[in-house]
Amino acid sequence: MATTTLTAGRPARKRRSARPRALNASASLGLGVGLLWFSLLVLIPLSAVVVEASGGGWETYRSALTNSQTVNALQLTVGVAVLTTVINMVMGTVIAWVLVRDRFWGKRALDLIIDIPFAMPTIVAGLVLLALYGSQGPIGVEFENTRKAVFLAIAFVTLPFIVRTVQPVLEEMEVEVEDAAASLGANRLTILRRIVLPTLVPAIFAGAALSFARGISEYGSLVLLSGNLPNRTEVTSYRMASLLEGGNRPAAAALATIMLLVALLAIVVLDATQRRLARRG
Amino acid sequence: MGNRSRVVTWLLRLVVVGYLVMLVAWPTGLIAQNTFADGLGGMRRALGDPDVTHALWLTVRVAVVAVAINLVFGVGMSLLLVRYDFPGKRALSALIDLPLSVSPVVVGLALVLVYNPRYGWFGEGLHDRGIDVVFATPGIVMATCFVVLPLIIREVVPVLEELGDDQEQAARSLGANGVQTFWRVTLPGIRWAIVYGVVLSLARSLGEFGAVKIVAGRSIGNMETATLLVQREYQNFHEDVAYSVSLLLVVASVLCLVVVAILRPSEGSHPEPIKEKK
């Protein structure tokens with residue numbers, strides 16, 4: 001997934017001749033088969049979730065949103081996702097900056113480390129964090145079964161998103177503009193605020209949307225780490241899974257639909273913020 | 001000023017290295033340390049356990065099948081999206097990214113709702129014909145396909161767009177048919193993007209947990225993939241086995257990353273899709 005996120009923040013490249021043509025017979029057949037597979041795999045199942053949740057009308061949603069355990073899970077999940085996204089917006093940008101502008105021994109290793117959370121199985125990620133931050137870890141903290149563990153796990157799995165969207169933009173940025181500003185007497189802070197950050201804002205927000213979406217949907221890394229204590233460390237994904245295991249499919253589907261809406265809302269809000277910032281810059 | 005900027009540089013460097021070591025590098029290293037805490041015993045016990053070898057074998061088979069399906073789908077879809085015009089193209093292109101922002105639990109739930117043999121939309125009909133999807137291997141393959149679906153497309157589409165279709169049109173005007181044009185002209189140009197997408201899909205397939213857990217249900221045993229086994233063994237206090245299998249998965253995923261890191265420099269430098277050959 002390393003560069004899947006790259007494309008989000010990558011400035012549009014100049015295209016050579018791109019003249020899409022109309023479908024011919026074999027292309028139509030290919031499209032048909034592809035669409036059939038895509039529908040059977042993704043579209044129909046996801047619609048089934050919405051249909052299942054809407055089967056009981058608004059009542060299903062109302063009961064889901066008045067169940068205190070579900071509400072607590074929602075609050076925790078959204079809260080932690082917002083917090084880690086904000087931290088990633090700062091740390092991700094700083095990490096990208098250091099990886100692009102600084103030169104030191106071991107930088108390539110750091111570059112590789114960034115991708116580990118993408119490639120590592122989520123259940124293993126939980127185990128890995130437990131090894132350092134669990135009660136048997138070498139630094140003597142006990143984060144397991146606490147909200148700190150939830151935060152750690154989400155910070156771990158969302159680490160690469162903003163780094164990988166900001167990095168290519170920084171690489172393509174021309175240092176000459178900054179030099180020119182400096183020669184005109186701008187100090188480093190002014191250059192950062194007026195030149196560097198405005199260029200990076202779209203990439204930072206594109207990465208933030210990905211980071212938030214991943215943060216609210218995380219499941220695997222929390223299974224062994226957070227204890228999933230109802231009302232305390234249980235996130236919505238886990239709540240959904242236990243509702244499903246308990247046979248309460250409509251409630252699980254309702255929660256899934258709510259989470260899809262939250263993800264959509266986040267994308268809209270982040271996009272609007274980014275536009276406003278871009279206008280001002 | 002020069003002095004102050006050196007301080008800032010060092011400070012940023014320190015913050016970044018510290019953050020990454022505390023969050024990723026140290027914990028990951030500890031897994032290796034914990035695995036070999038009592039020598040090779042844990043690893044030997046794990047690999048001698050038929051459950052473990054079965055789970056690893058199942059994981060590899062599922063990953064290979066899912067990646068193969070996704071390879072055909074991904075390359076075909078990318079070509080259609082870039083080279084052809086059809087109604088609903090933009091919507092399709094947006095929908096293809098959907099699996100990236102869906103929780104693994106929702107993926108599992110969605111597949112169960114449609115393919116459950118008792119109440120699924122299609123599940124009953126398929127069950128009557130003797131095909132079980134959910135709680136069987138096809139379901140695990142589908143769950144894996146779902147989560148890796150956009151990965152190859154997102155790699156190949158930008159490269160295809162950048163290549164343009166001049167070469168393809170030239171080939172066709174010289175009398176090459178569609179198949180020849182694809183193999184001789186298009187494929188060499190997108191080769192590295194495909195390899196890259198496949199490696200990423202493979203890493204992701206080997207490690208999928210949530211969606212597979214829901215789809216495999218409680219039918220533990222022959223439906224258990226490596227990640228599910230890690231959870232069960234850890235919760236049953238067989239930490240040595242859990243650590244050993246985890247380490248194998250970490251090594252596999254880091255290997256995938258190293259392959260990608262080695263490939264990346266050549267990714268940008270494929271000059272022209274075809275070279276003049278005598």
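Residues numbered from 1 in each chain as written. Chains lettered and ligands numbered in written order. Predicted model: local features only at pLDDT ≥ 70, side-chain atom pairs only at ≥ 80, totals over all residues. Heavy atoms only, no water.

J.: Sorry, what's going on with the overall build of chain A here?
T.: When helices and strands are tallied, chain A shows 12 helices and 1 strand. Secondary structure of chain A in N-to-C order comes out as α-β-α-α-α-α-α-α-α-α-α-α-α. Expressed along its principal axes, the backbone C-alpha trace of chain A runs to roughly 65 × 65 × 35 Å. Within chain A, the fraction of its 281 residues that count as buried is 51%. If you sum the accessible surface of chain A, you get close to 12,700 Å²; carbon and sulfur atoms cover 61% of it. On chain A, the mean spot of the 26 positive side-chain charges and the mean spot of the 17 negative ones are 7 Å from each other. (Helix = DSSP H or I, 4+ residues; strand = E, 2+ residues; numbered from the N terminus. Buried < 20%, exposed > 50% of the residue type's maximum accessible area, 1.4 Å probe, protein only. Areas by Shrake-Rupley, 256 points an atom, 1.4 Å probe, with all protein chains shown as cover. Lys, Arg positive; Asp, Glu negative; His and termini not counted. Charge placed at Lys NZ, Arg CZ, Asp CG, Glu CD.)

J.: Help me out: how do you make sense of the nonpolar core in this one?
T.: The tendency in soluble globular proteins is for nonpolar side chains to be buried side by side. Counting residues in each nonpolar core, the largest one holds 176 residues, and the members touching the most others are I95 of chain A together with I190 of chain B. The greatest single-element share of this core, amounting to 17 residues, is contributed by helix α7 (residues 137–163) of chain B. Residues contacting I190 of chain B, with those up to four places away along its chain left out, are V75, V156, V159, L160 and L163 of chain B. (Core = buried A, V, L, I, M, F, W, Y, C linked by side-chain atoms within 4.5 Å. Contact = heavy atoms within 4.5 Å.)

J.: Looking at this structure, how should I read the interface of chain A and chain B?
T.: Many descriptions give the size of an interface as the accessible area lost when the pieces come together. Contact residues are listed per partner, giving 92 residues for chain A and 96 residues for chain B. For the pair chain A and chain B, the summed buried surface comes to about 8,500 Å²; carbon and sulfur atoms form 73% of the total. Two residues, D102 of chain A and R13 of chain B, come together in a salt bridge whose shortest N-O distance is 2.6 Å. Taken together, the connections running from chain A to chain B amount to 5 residue pairs in polar contact (both at pLDDT 80 or more). The greatest single-element share of the side of chain A that touches chain B, amounting to 19 residues, is contributed by helix α2 (residues 25–54) of chain A. A breakdown of the residues in the side of chain A that touches chain B according to their chemical character gives 63 nonpolar, 14 polar and 15 charged. Two strands pair when backbone bridges link them, and strand β1 (residues 21–22) of chain A and strand β1 (residues 84–85) of chain B are joined in this way by 2 bridges, in the parallel orientation. (Buried area = accessible area lost by both parts, 1.4 Å probe. Salt bridge = Lys/Arg side-chain N within 4 Å of Asp/Glu carboxyl O. Polar contact = N/O pair within 3.5 Å; in protein donor to acceptor, adjacent residues only side chain to side chain. Nonpolar A, V, L, I, M, F, W, Y, C, P; charged D, E, K, R; others polar. Pairing = 2+ DSSP bridges.)

J.: Got a minute to help me understand the packing of helix α6 (residues 122–133) of chain A against helix α11 (residues 226–235) of chain B in this structure?
T.: When two helices pack together, their arrangement is captured by the angle between the axes and the distance separating the axes. It is the contact of α6 of chain A with α11 of chain B, at a shortest axis distance of 9 Å, that shows an interaxial angle of 40°. One way to sum up the angle between α6 of chain A and α11 of chain B is to call them oblique. Residues I123, L127 and L130 of chain A of α6 of chain A lie in contact with α11 of chain B, whose contacting residues are T227, V230, Q231 and Y234 of chain B. Broken down by class, the residue content of the contact of α6 of chain A with α11 of chain B amounts to 5 nonpolar, 2 polar and no charged. (Axes fitted to C-alpha atoms, helices over the stretch in contact; angles between N-to-C directions. Parallel < 35°, antiparallel > 145°, perpendicular 65-115°, else oblique.)

J.: Would you mind showing me how to read the pattern of salt bridges here?
T.: Side chains carrying opposite charge are able to pair once their charged atoms draw close together. Residue and element names in this part refer to chain B. Following the criterion strictly, the structure yields 14 salt bridges over all chains and no others. Of the charged contacts in the structure, one is a salt bridge between E168 and R83, with a shortest N-O distance of 3.0 Å. Taken together, the residues E168 in helix α8 (residues 166–173) and R83 in helix α3 (residues 50–83) connect sequence positions 85 residues apart. Just as E168 is buried, R83 falls in that class too. When the shortest N-O distance is used, the salt bridge between K89 and D85 registers 3.9 Å. Residues joined by salt bridges that share partners form a network here, namely D51, E224, R232 and E233.

J.: Got a minute to help me understand the environment of L255 of chain A in this structure?
T.: As for its position among the elements, L255 of chain A is in helix α12 (residues 249–280). If we skip the residues at most four places from it in the chain, L255 of chain A touches T70, L74, T236, R239, M240 and L243 of chain A.

J.: Explanation requested: the confidence of the model for chain A in the structure shown.
T.: Close inspection of predicted coordinates is inappropriate in any region flagged by low pLDDT. Residues and elements named next belong to chain A. Taken residue by residue, chain A gives an average pLDDT of 85. The fraction at 70 or more is 93%. Ranking the elements of chain A by mean pLDDT puts helix α1 (residues 6–9) last with 40 and helix α4 (residues 68–101) first with 93. Predicted confidence is poor over residues 1–17, with pLDDT under 50, and the contacts of this stretch with residues over four places away or in other chains come to 48 contacts. (pLDDT = per-residue confidence, 0-100.)

J.: Help me out: how do you make sense of the packing of α3 of chain B against α11 of chain B in this one?
T.: For the pair α3 of chain B and α11 of chain B, the least separation of the axes is 8 Å and the interaxial angle reads 150°. Seen from α3 of chain B, the contacting residues are D51, V52, A55, L56 and T59 of chain B; seen from α11 of chain B, they are A226, L229 and R232 of chain B.

J.: Mind showing me how you'd approach the side chain of E178 of chain A here?
T.: Residue and element names in this part refer to chain A. One can find E178 in helix α8 (residues 175–183). Note on E178: relative accessible area 9%, which makes it buried. Non-local contacts of E178, meaning those with residues more than four positions away in its chain, are made with W97, R101, M173, I191, I195 and V196.

J.: Help me understand the state of the cysteines in this model?
T.: Residue and element names in this part refer to chain B. The full count for this structure, using the stated rule, is 0 disulfides over all chains. In this model C145 remains outside any disulfide bridge; the closest cysteine sulfur is found in C256, 17 Å from its own. For C145, a relative accessible area of 1% corresponds to the buried category. (Disulfide = S-S within 2.5 Å.)

J.: Help me out: how do you make sense of helix α9 (residues 178–207) of chain B in this one?
T.: An α-helix turns once every 3.6 residues. As a result, residues three or four positions apart point the same way. Residues and elements named next belong to chain B. With 30 residues, α9 should reach 44 Å at 1.5 Å per residue; the first-to-last C-alpha distance of 37 Å falls well below that figure. Bending of α9 peaks at approximately 60° at the position of L187, with proline P188 no more than four residues after it. Two or three places before V179, at the opening of α9, N177 has a side-chain oxygen 3.2 Å from that residue's backbone nitrogen. (Expected span 1.5 Å × (residues − 1). Bend = angle between axes of the 7 residues up to and from the residue.)

J.: It is not clear to me how α3 of chain B should be interpreted in this structure. Could you clarify?
T.: The terminal C-alpha atoms of α3 of chain B lie 49 Å apart, and with 34 residues this matches the ideal 50 Å at 1.5 Å per residue to within 8%. Residue D49 of chain B occupies the N-cap position of α3 of chain B, its side-chain oxygen lying 2.9 Å from the main-chain nitrogen of D51 of chain B.

J.: Just checking my understanding: could you explain the packing of aromatic side chains for this structure?
T.: The relative placement of two aromatic rings is captured by the distance of their centres and the angle of their planes. Tallying each qualifying case throughout the model produces 8 aromatic pairs over all chains. When the ring of Y133 of chain A is compared with that of F143 of chain A, the centres are 5.7 Å apart and the planes differ by 5°; the resulting orientation is stacked. With Y133 of chain A in helix α6 and F143 of chain A in the loop between α6 and α7 (147–172), the pair connects residues that are 10 residues apart, well separated along the chain. The class of Y133 of chain A is buried, set by a relative accessible area of 9%. Between the aromatic rings of F182 of chain B and W183 of chain B, the centroid separation amounts to 5.6 Å while the plane-to-plane angle is 75°, which identifies the pairing as edge-to-face. In this structure W183 of chain B comes out as exposed when scored by relative accessible area, which is 55%. If you follow R249 of chain A out to its NZ or CZ, it ends over the ring of Y119 of chain B, 3.3 Å from the centre. The ring of W10 of chain B has R13 of chain B lying over it, and the distance from NZ or CZ to the ring centre is 4.5 Å. (Phe/Tyr/Trp six-rings, centres within 6.5 Å; stacked < 30°, edge-to-face > 60°. Lys NZ or Arg CZ within 6 Å of the ring centre and 35° of its normal.)

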